[in-house]
Amino acid sequence: MTDTQKYNCQEPAVQARELTRVFKQGNQTITALDGIDLTIHQGDFVAVMGASGSGKSTLLHLIAGLIRPTSGQVVVEGNDLGSLSDRRLTLYRRRRVGLVFQNYNLIPHLTTEENILLPLRADGASIQEGRDKRHVLWERLGLTTFLNQMPDTLSGGQQQRVAMARALSMEPAILLADEPTGNLDSVNSRKICEVFDELNRQDGRTITLVTHEPGVAIFAKRVIVLHDGRLLADWQTSQFRDAHDLAATYQELAAQTDEEQGAKLP
Ligand code: ADP
Ligand code: MG
């Protein structure tokens, strides 16, 4: 059975078709993404790996509607983002994607609860509505005891859980996270990974996160590897024994690619 047959009852969360993004810097052009074809199904959990500069953040920003494709398409829940007007793209960003960053991006002068409710408030919901709707999620994320605290009184791991609650407050089609554990120690990093895992397995959330750590990527169901803006590998994590096995396969691929590129040099 092909992937399309298996999922034809449900629209994919994200479909990228020959997705390309070029940046111009002075008289230089940089092809950050180079014709990517990728389908992310609803309920999928994808880790994006690849060296620095390989296009990971660009891919996330295109799915998030923060930037537009230079060519090709990125379709989310049937909407071709490149063809949306600026106004509809703004609404899409606000309502259909949840974004989590390495440095949490909480607003320092707002409490935890105010931070979490910000997207709902911006979209016109009342505070009470937000509280009623999201309390179960806040409990799951372990946030209920510090809802009135300011972000700078929280640990990094706690701040990232607040950022995740905020990102999920609009029930997005997809939760996108760019190196969400990059600033955390290994204990907090693991805790955050367990939350992602739970959100995916128990709530069926569709998640795509960027990481360079095999120990984080192994929590996903699927790992894709980017190299120079191209898709180099697409693995199911079930094929790996553990994070070390994934790390070894990843290193092997990286070495092989370096060798091939070396061979092309004059
Ligand atoms: P990664 O997240 O994998 O480190 P990025 O997607 O940030 O990679 O970047 C891919 C390539 O595109 C890099 O060469 C980077 O310098 C370039 N790039 C990304 N964003 C911009 C931008 N706004 N302007 C110019 N170049 C950019
Ligand atoms: Mg990046």
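Criteria and cut-off values
- Residues numbered from 1 in each chain as written.
- Chains lettered and ligands numbered in written order.
- Predicted model: local features only at pLDDT ≥ 70, side-chain atom pairs only at ≥ 80, totals over all residues.
- Heavy atoms only, no water.
- Helix = DSSP H or I, 4+ residues; strand = E, 2+ residues; numbered from the N terminus.
- Rg over C-alpha atoms; globule rule 2.2 N^0.38 Å.
- Buried < 20%, exposed > 50% of the residue type's maximum accessible area, 1.4 Å probe, protein only.
- Contact = heavy atoms within 4.5 Å.
- Areas by Shrake-Rupley, 256 points an atom, 1.4 Å probe, with all protein chains shown as cover.
- Lys, Arg positive; Asp, Glu negative; His and termini not counted.
- Charge placed at Lys NZ, Arg CZ, Asp CG, Glu CD.
- Pairing = 2+ DSSP bridges.
- Axes fitted to C-alpha atoms, helices over the stretch in contact; angles between N-to-C directions.
- Left-handed = near helix turned anticlockwise from the far one by under 90°.
- Nonpolar A, V, L, I, M, F, W, Y, C, P; charged D, E, K, R; others polar.
- Near = heavy atom within 4 Å.
- Polar contact = N/O pair within 3.5 Å; in protein donor to acceptor, adjacent residues only side chain to side chain.

A. Molecular detail of the overall build of the protein. Helix and strand counts for the protein stand at nine helices and ten strands. Here the C-alpha atoms of the protein give a radius of gyration of 19 Å, agreeing with the 18 Å that 2.2 N^0.38 yields for 266 residues. Across its three principal axes, the protein shows a C-alpha extent of roughly 65 × 45 × 45 Å. For the protein, with 266 residues in total, the buried portion stands at 47%. Excluding contacts between residues fewer than 6 apart, the proportion of contacts in the protein whose partners are at least 24 apart in sequence is 69%. When the accessible surface of the protein is summed, it comes to about 13400 Å², and 46% of that surface belongs to carbon and sulfur atoms. The centroid of the 28 positive side-chain charges in the protein is displaced by 6 Å from the centroid of its 33 negative side-chain charges.

B. Spatial organisation of the sheet that holds strand β8 (residues 207–210). Taken in spatial order, the six strands make up an open sheet running β6-β7-β8-β3-β9-β10, and their pairing is mixed. The open sheet is flanked by β6 (97–100) and β10 (230–236), the only strands paired with a single partner. Between one strand and the next, the sheet's axes are offset by a mean angle of 20°, whatever the strand orientation. This element, helix α6 (residues 156–168), spans β6 and β7 (174–178) of the sheet and lies at about 165° to β6. Sheet contacts for helix α7 (residues 186–201): β3 (45–49), β7 and β8; angle to β8, the most-contacted strand, approximately 155°.

C. Expanded view of the side chain of Thr20. Positionally, Thr20 belongs in strand β1 (residues 14–25). Filtering out sequence-adjacent residues up to four positions away, Thr20 remains in contact with Thr31, Leu33, Asp34, Gly35, Pro69, Thr70 and Ser71.

D. Spotlight on the packing of helix α4 (residues 112–122) against helix α5 (residues 127–140). Running from N to C, α4 and α5 cross one another at 120°; their axes reach a closest spacing of 10 Å. Crossing handedness for the pair α4 and α5: right-handed. Side by side, α4 and α5 meet where Glu113, Ile116, Leu117, Leu120 and Arg121 of the first sit next to Ile127, Gly130, Arg131, Arg134 and Trp138 of the second. When grouped by side-chain class, the residues that make up the contact of α4 with α5 number five nonpolar, one polar and four charged.

E. Structural context of the site of ligand 1. Residues in close proximity to ligand 1 include Phe23, Gln25, Ile30, Ala32, Ala51, Ser52, Gly53, Ser54, Gly55, Lys56, Ser57 and Thr58, which together make up its full environment. Between ligand 1 and Gly53 there is a distance of 2.7 Å, counted from an oxygen atom to a backbone nitrogen or oxygen. One of the side-chain nitrogen or oxygen atoms of Thr58 is found 2.6 Å away from an oxygen atom of ligand 1. For ligand 1, whose accessible area on its own is 560 Å², the fraction buried by protein is 64%.

F. Inspection of unusual backbone geometry at higher detail. Notably, Glu77 is not glycine yet its phi reads approximately 45°, a positive angle. Locating Glu77 in the fold gives a position in the loop between β4 (71–76) and β5 (79–80). Although it is not a glycine, Asp228 sits at a positive phi angle of roughly 50°. The residue Asp228 is located in the loop between β9 (222–227) and β10 in this model. Relative accessible area serves as the criterion here: at 46%, Asp228 is assigned to the partly exposed category.

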